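Each chain, letter by letter, is given below.
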Amino acid sequence: MKHLIPFLLPALLAAQVPFRGSADIDAAIEEAIAADKIPGAVCLIGQPGKILHLKAYGQRALVPAREAMTTDTIFDAASLTKVVATTSAVMRLFEQGKVRLADKVTVYLPDFQNGKSDITVRQLLTHFSGMRPDVDLKPEWSGYSTGIQKALIDRPIAEPGERMIYSDINFILLGEIVHKVSGKPLDQFVRDEIFLPLRMMESTFNPPASWRPRIAPTEMWAGKPLRGVVHDPTTRFMGGVAGHAGLFTTAADLARFATFLLNLGELDGARIVSPLTVKKFTQPNTPPSQPTLRGLGWDIDSPFSGNRGELFPIGSYGHTGFTGTSLWIDPASRTFVILLANSVHPTLRPAMTSLRARVATIAAASLGIDSQDVHVTGFNELQPARAIGRNAEVLTGIDVLAAEKFARLQGKRVGLITNHTGFARSGQRNIDAMLAAGVKLTALFSPEHGIAGKEDHENVANSKDANSGLTIFSLYRGADRKPSGAALAQIDVLVFDIQDIGARFYTYVSTMKNAMQAAADAHIPFYVLDRPNPITGVHVEGPMIDPAEISFVGCTSIPLRHGMTLGELARMINTEDHINANLEVVPMKNWRRSDWFDSTGLTWVDPSPNMRSLTAALLYPGVGMIEYAKNYSVGRGTNAPFEQIGADWIHGATLAAYLNKRMVPGVRFYPTRFTPNASNLNGRSIEGVRFVIVDRESFSSLRLGLELAVALEKLYPGKIDFQGSRRLIGSVAAVQAIMKAEDPRNLEPRLQETIQPFLDTRAKYLLYR
């Protein structure tokens, strides 16, 4: 404590009070150390004038010698630099009128994109600039000016404002804006304008050698751990100072910084920035059409905000650092949570998202916070409304081929896998459009539900197309679920054109995979005419399917809601599942990943007998998770399948009240009564609940499915055979958690953590922005 106390007084050590969450926090961190998720940590939880919890855990260093962690350890803050240093510097310049958020970056950096860019300062701060995550590091280079030049000329990979791409380049550019506008390098400016006024005496870039014994080392480099040298390679190449990384700091200094923000820009009687500026930077500033909420620099509610935990409300804010650092600040309870670790020492480990979330949740629970009841002054009123979507004229793969007069298929014998959804934008069937253009169509193949999409049973028979007289080979007949060698012998190319709905267990994906494998075996090309994912290509939701659960209702390693088109899935399956077909995807034109089906201008055709609306398609991945339960109806045989559920043992009012109290994002519930005329509980009048989507951008199919399953288990224990739906859920761990009635607020993020490797793989095969 000898280093810590002078810098905490008088703002923090005015009172140190007992904290009932301390034992649970100790257990969580010590468990992580025992599991080798981190070598050690410092945790400081406090409020202005109070330290609630302060403790050092485990080891500061493991190699070359073990050193015990101490509370005054200095950490490589990594991306905490973005908010503690760079964002704070921009705050100062902003309220001095020297930087305007709406200004283009070229106002301050004229050479950015050769002076031709619409990217704004706000978009850099919110990560909506469209810039890549980082500059190229190979071949190796050195020098601050070289790094800046690379950032200035790096090309965006998305349109400004289109989507969030977390990017170090954004903050490299912001650091240089601070430099150009202030006339001082970033490290000098924040020292003079932020750190010294706040008496953050142990926060700096390129720390002096005298600090080295207290610095937590990071990864091994050239045979020894980095210690006092920044871990981030880009910053290291730039000489240790950059807007995205490079800061070294302590828990005590971060506590002072958090107190300054909770006091709305003031500490120890000194005002650094105005309350309005603090509020401006810590409230949502992201595009209103986007589900991600970020402040200016600060994270609020995004895929990166796991350190908020489960109970701190939206309206709190924070950030993390790659080395294992994190800071979360809650204005409602006036609380901050600082967790500093060097999880990259002596080698890289998986992200510590789970530990960060556990510590934050314990802290909030110990304070008695209920995130559903918290109203953060100013935040709720300013939270952006959701946009209703754009209006586009999307051309599907068949439209693109038609515009080319089917040149790619001319002179070839063509087999077409399709159904009743295979319409061109003109309203013409793909079959008729091909024949009219002179394509030599020789065979048709149909998936589940047949070519007319009306057969809701197993063993769909072969038939003939009434208009063309062509034979229709069923690919949903017993075990015969891929084109036969005999059928393929009469064709030169196999074409797939069917509308999917974006859920793992919708079987058109399986039909496509089987047909692609048959085409590869027969050495004939396989074309996929792409169509939209009607529930967008943005939302991706777990759980991942276990390898043991691969089947016709989950044919490849994808999550419940995959956020891909069939063309993109074909590209991924062909490579990752080693099919190695001669695959060609005919992409759509004018489709964006954020488009819902109602943005496309295309006509909705029910993709299967019970998929009767876009709302049903959005609900289906969650509602369908436990559909195999025989004593339970998902509304098949009614006028609203998948938009309601029920059973003769459910009391609708009780279930609706329970679910509404859960405040499930984006959906409300009301009791209903219906009588299915097909499928489960045929002919019985049953009670249940109906779903109303109130915000589809914030709605999660996974969250709904988990909430519904756990509610049924809690209210009606043992009534649902969850194991019987294991192949639909896809994850044994998820099934077991549901059977234990685990809180979906905790279960959902845990399942979402499992999709990160998929997201990395998926990114290689995406065709649309």
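Residues numbered from 1 in each chain as written. Predicted model: local features only at pLDDT ≥ 70, side-chain atom pairs only at ≥ 80, totals over all residues. Heavy atoms only, no water.

(A) Geometry of the overall build of the chain. The helix and strand inventory of the chain stands at 24 helices and 28 strands. In terms of overall dimensions, the chain is globule-like: its C-alpha atoms have a radius of gyration of 29 Å, near the 27 Å expected for 769 residues. Dimensions along the principal axes, computed over C-alpha positions, put the chain at roughly 90 × 60 × 50 Å. Scored against the burial criterion, the 769 residues of the chain give a buried share of 59%. Across the chain, every contact between residues at least 6 apart in sequence was considered, and the portion connecting residues at least 24 apart equals 71%. Per element, the accessible surface of the chain, about 28,400 Å² overall, is 52% carbon and sulfur. Computed over 81 positive and 75 negative side-chain charges, the inter-centroid distance for the chain is 1 Å. (Helix = DSSP H or I, 4+ residues; strand = E, 2+ residues; numbered from the N terminus. Rg over C-alpha atoms; globule rule 2.2 N^0.38 Å. Buried < 20%, exposed > 50% of the residue type's maximum accessible area, 1.4 Å probe, protein only. Contact = heavy atoms within 4.5 Å. Areas by Shrake-Rupley, 256 points an atom, 1.4 Å probe, with all protein chains shown as cover. Lys, Arg positive; Asp, Glu negative; His and termini not counted. Charge placed at Lys NZ, Arg CZ, Asp CG, Glu CD.)

(B) Molecular detail of the pattern of salt bridges. Evaluation of the coordinates by the stated rule reveals 44 salt bridges. Of the charged contacts, one joins arginine 408 and glutamate 404 as a salt bridge, the two residues approaching to 2.8 Å between their closest N and O atoms. Salt bridges here are not isolated pairs; linked through shared partners, they connect Arg662, Arg703, Glu707, Asp743 and Glu748. (Salt bridge = Lys/Arg side-chain N within 4 Å of Asp/Glu carboxyl O.)

(C) Expanded view of helix H9 (residues 251–262). Here H9 spans 16 Å end to end across 12 residues, near enough to the 16 Å set by a 1.5 Å rise per residue. By the criterion of burial, H9 is predominantly enclosed, with 12 of the 12 residues buried. Those residues of H9 that fall on the buried side of the exposure criterion are Ala251, Ala252, Asp253, Leu254, Ala255, Arg256, Phe257, Ala258, Thr259, Phe260, Leu261 and Leu262. After H9 finishes, the residue leucine 264 shows a positive phi value of roughly 55°. (Expected span 1.5 Å × (residues − 1).)

(D) Highlighting unusual backbone geometry. Omega for the peptide link from valine 63 to proline 64 comes to 0°, which places this bond in the cis form. With respect to the secondary-structure elements, proline 64 resides in the loop between strand S3 (50–61) and strand S4 (67–68). At the junction of glycine 542 and proline 543, the peptide bond is cis and its omega measures out at 0° in the coordinates. With respect to the helices and strands, the residue proline 543 is situated in strand S23 (residues 541–544). At histidine 578, a position not held by glycine, the phi torsion is positive, near 60°. Overall, the relative accessible area of 62% leaves histidine 578 in the exposed class. Phi is positive for methionine 663, close to 50°, though the residue is something other than glycine. Looking at methionine 663, the relative accessible area reads 42%, which means it is partly exposed.

(E) Region of interest: the side chain of threonine 638. Along the chain, the position of threonine 638 falls in the loop between helix H18 (614–623) and strand S26 (644–647). Within polar-contact distance, the side chain of threonine 638 engages the backbone nitrogen of alanine 640 at 3.1 Å. Among the polar contacts made by the side chain of threonine 638, one reaches the side chain of glutamine 644 at a distance of 3.0 Å. Apart from the residues within four sequence positions on either side, threonine 638 is in contact with Arg612, Gln644, Phe674, Thr675 and Pro676. (Polar contact = N/O pair within 3.5 Å; in protein donor to acceptor, adjacent residues only side chain to side chain.)

(F) Highlighting the packing of helix H3 (residues 80–95) against helix H7 (residues 186–195). Where H3 contacts H7, the two axes come as close as 9 Å, and the packing angle between them is 70°. By the criterion of interaxial angle, the relationship of H3 to H7 is roughly perpendicular. Between H3 and H7 the crossing geometry is left-handed. Where H3 abuts H7, its residues Val84, Ala85, Thr86, Ser88, Ala89, Arg92 and Leu93 lie against Leu186, Phe189, Val190, Glu193, Ile194 and Phe195. Grouping the amino acids of the contact of H3 with H7 by side-chain chemistry returns nine nonpolar, two polar and two charged. (Axes fitted to C-alpha atoms, helices over the stretch in contact; angles between N-to-C directions. Parallel < 35°, antiparallel > 145°, perpendicular 65-115°, else oblique. Left-handed = near helix turned anticlockwise from the far one by under 90°. Nonpolar A, V, L, I, M, F, W, Y, C, P; charged D, E, K, R; others polar.)

(G) Spotlight on the nonpolar core. Judged by nonpolar contacts, the single largest core of 101 residues is most densely connected at Leu494, Phe526, Ile645, Phe691 and Leu712. In terms of residues, this core owes the most to one element, helix H16 (residues 508–522), which gives eight residues. When sequence neighbours within four positions are dropped, the list of residues in contact with phenylalanine 691 reads Leu619, Val623, Phe642, Glu643, Gln644, Ile645, Val667, Arg668, Phe669, Leu704 and Leu708. Core analysis: the next-biggest nonpolar cluster, separate from the first, contains 75 residues, Phe75, Leu101, Val121 and Ala242 among them. (Core = buried A, V, L, I, M, F, W, Y, C linked by side-chain atoms within 4.5 Å.)

(H) Geometry of the sheet that holds S26. Spatially, three strands are ordered S26-S28-S27 in an open sheet, and the strand pairing comes out antiparallel. What marks the edges here is a single partner per strand, and that holds for S26 and strand S27 (667–674). Adjacent strand axes in the sheet meet at a mean angle of 25°, parallel and antiparallel pairs treated alike. Summarising the sheet, S27 and strand S28 (residues 686–693) pair through eight bridges and their orientation is antiparallel. Of the residues in S28, the one forming a bridge with tyrosine 670 is arginine 690. The sheet strands contacting H18 are S26 and S28, and the helix crosses S28 at an angle near 120°. (Pairing = 2+ DSSP bridges.)

(I) Spatial organisation of the side chain of lysine 82. Looking at the element boundaries, lysine 82 is found in helix H3. Given a relative accessible area of 0%, lysine 82 falls into the buried group. A polar contact is formed between the side chain of lysine 82 and the side chain of tyrosine 166, at a distance of 3.1 Å.

(J) Molecular detail of the packing of aromatic side chains. Taken as a whole, this structure holds 16 aromatic pairs when the rule is applied. When the ring of tryptophan 141 is compared with that of phenylalanine 237, the centres are 5.2 Å apart and the planes differ by 80°; the resulting orientation is edge-to-face. One end of the pair, tryptophan 141, is in the loop between helix H4 (121–126) and helix H5 (144–153); the other, phenylalanine 237, is in helix H8 (residues 233–237), with 96 residues separating them in the sequence. With respect to burial, tryptophan 141 and phenylalanine 237 carry one shared label: buried. Site record: aromatic cluster; members linked through ring pairs are Phe505, Tyr506, Tyr508, Tyr620 and Phe642. A cation over a ring is seen here: arginine 236 above tryptophan 221, with NZ or CZ 4.2 Å from the ring centre. Seen from the ring of phenylalanine 552, arginine 481 lies directly overhead, with NZ or CZ sitting 4.5 Å from the centre. (Phe/Tyr/Trp six-rings, centres within 6.5 Å; stacked < 30°, edge-to-face > 60°. Lys NZ or Arg CZ within 6 Å of the ring centre and 35° of its normal.)

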